[in-house]
Amino acid sequence: MSPIDDLPPLREVIRQHALSARKSLGQNFLLDLNLTARIARAAGPLDDATVIEIGPGPGGLTRALLALGARHVIAVEHDTRALPALEEIAARYPGRLEVVCADARAFDPQPFIGGAKAKIVANLPYNIATNLLIGWLTMGRWPPWYEMMVLMFQREVAERIVARENDPAYGRLGVLANWRCETKILFDISPAAFVPQPKVTSSLVRLVPRPAPEACDRRLLEQVAAAAFGQRRKMLRQSLKSLSVDPARLAAAAHVDPTRRAETIPVSGFVAMARELADIRSEKTSIA
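Here's a quick rundown of the structure. (Residues numbered from 1 in each chain as written. Predicted model: local features only at pLDDT ≥ 70, side-chain atom pairs only at ≥ 80, totals over all residues. Heavy atoms only, no water.)

## Topic: the packing of aromatic side chains
By convention here, two paired aromatic rings are described through the distance between centres and the angle between planes.
Then, in step 1: Inspection of the entire model under this criterion finds six aromatic pairs.
Then, in step 2: Their ring planes at 45° and their centres at 5.2 Å tell us that Phe107 and Phe112 sit as a pair that is tilted.
Then, in step 3: Exposure remark for Phe107: the relative accessible area of 15% places this residue in the buried category.
Then, in step 4: Arranged with centres 6.5 Å apart and planes meeting at 70°, the rings of Tyr170 and Phe270 form a pair that is edge-to-face. With Tyr170 in the loop between helix H7 (155-162) and helix H8 (172-180) and Phe270 in helix H12 (residues 267-287), this residue pair connects regions lying 100 residues apart in the sequence. (Phe/Tyr/Trp six-rings, centres within 6.5 Å; stacked < 30°, edge-to-face > 60°. Buried < 20%, exposed > 50% of the residue type's maximum accessible area, 1.4 Å probe, protein only. Helix = DSSP H or I, 4+ residues; strand = E, 2+ residues; numbered from the N terminus.)

Below, the structure is given as structure tokens:
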């Protein structure tokens, strides 16, 4: 008897289905069902919730989500070897688990959730985790279709996600994530909890979309942040030259001195510079 349901222990599931983790797929399996339940609980009340899970593997987190009451779990798995194990979970929780065999990078969950809000809860494959997050953060329509993300990352990536100005980890990802979401590292997970053991500590991060982020063109915000942090050791008056505009004008819009460096500028400052960049380019277009 497992701690959360009457399905076999995960080690037995892995043995039965020959589910050795593949490095090429960024797989590191969590086998402690008490730990997967802790991750599931971090997403808040699951009763009547729709959950998108990416990379369920043998289904440890999937089982926890269902055992804790999730009404509908949509598990997106690219590895066909894991499908039989996930179908066994679906049989245990009839009508509540939908398994989709797809590459998460090309998967659109909206047809599956029918206009309802969902939660994304996942132990993301390390090799695509950042790309997936950026995709969820940069979708055009906002607020997005998800109400919360609870995601596992390598600790270094997690620190970059939650970082704000004057933090050594602050960079383009921190600007984008904290512009559109409230972010927080919930807890760390030791490498010993995974099979195989990664070489780094992992962290669980919660991101809650802001209903109304400061208005600006998202693409221009990314451009300003990329320019500023692309030469992060240089002052803004130098690093922002790559945008082909007067750096002093952008800095003035953010009410900061152009001799400051990118890591000292708050998210609101980057938003102000993105707005000013939009105005400058609009002026150039009208003159042309």
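## Side note on the nonpolar core
As a rule of thumb, nonpolar side chains are buried together in soluble globular proteins.
Then, in step 1: The biggest cluster of nonpolar side chains holds 64 residues, and the ones touching the most others in it are Trp136, Leu151, Phe153, Leu207 and Phe270.
Then, in step 2: In terms of residues, this core owes the most to one element, H12, which gives eight residues. (Core = buried A, V, L, I, M, F, W, Y, C linked by side-chain atoms within 4.5 Å.)

## A look at the environment of Ala272
Then, in step 1: Here Ala272 shows up in helix H12.
Then, in step 2: For Ala272, a relative accessible area of 15% corresponds to the buried category.
Then, in step 3: Spatially, the C-alpha atom of Ala272 lies 7.8 Å from that of Leu250, the residues being 22 residues apart in sequence.
Then, in step 4: Not counting residues up to four positions away in its chain, the partners in contact with Ala272 are Ala253 and Ala254. (Contact = heavy atoms within 4.5 Å.)

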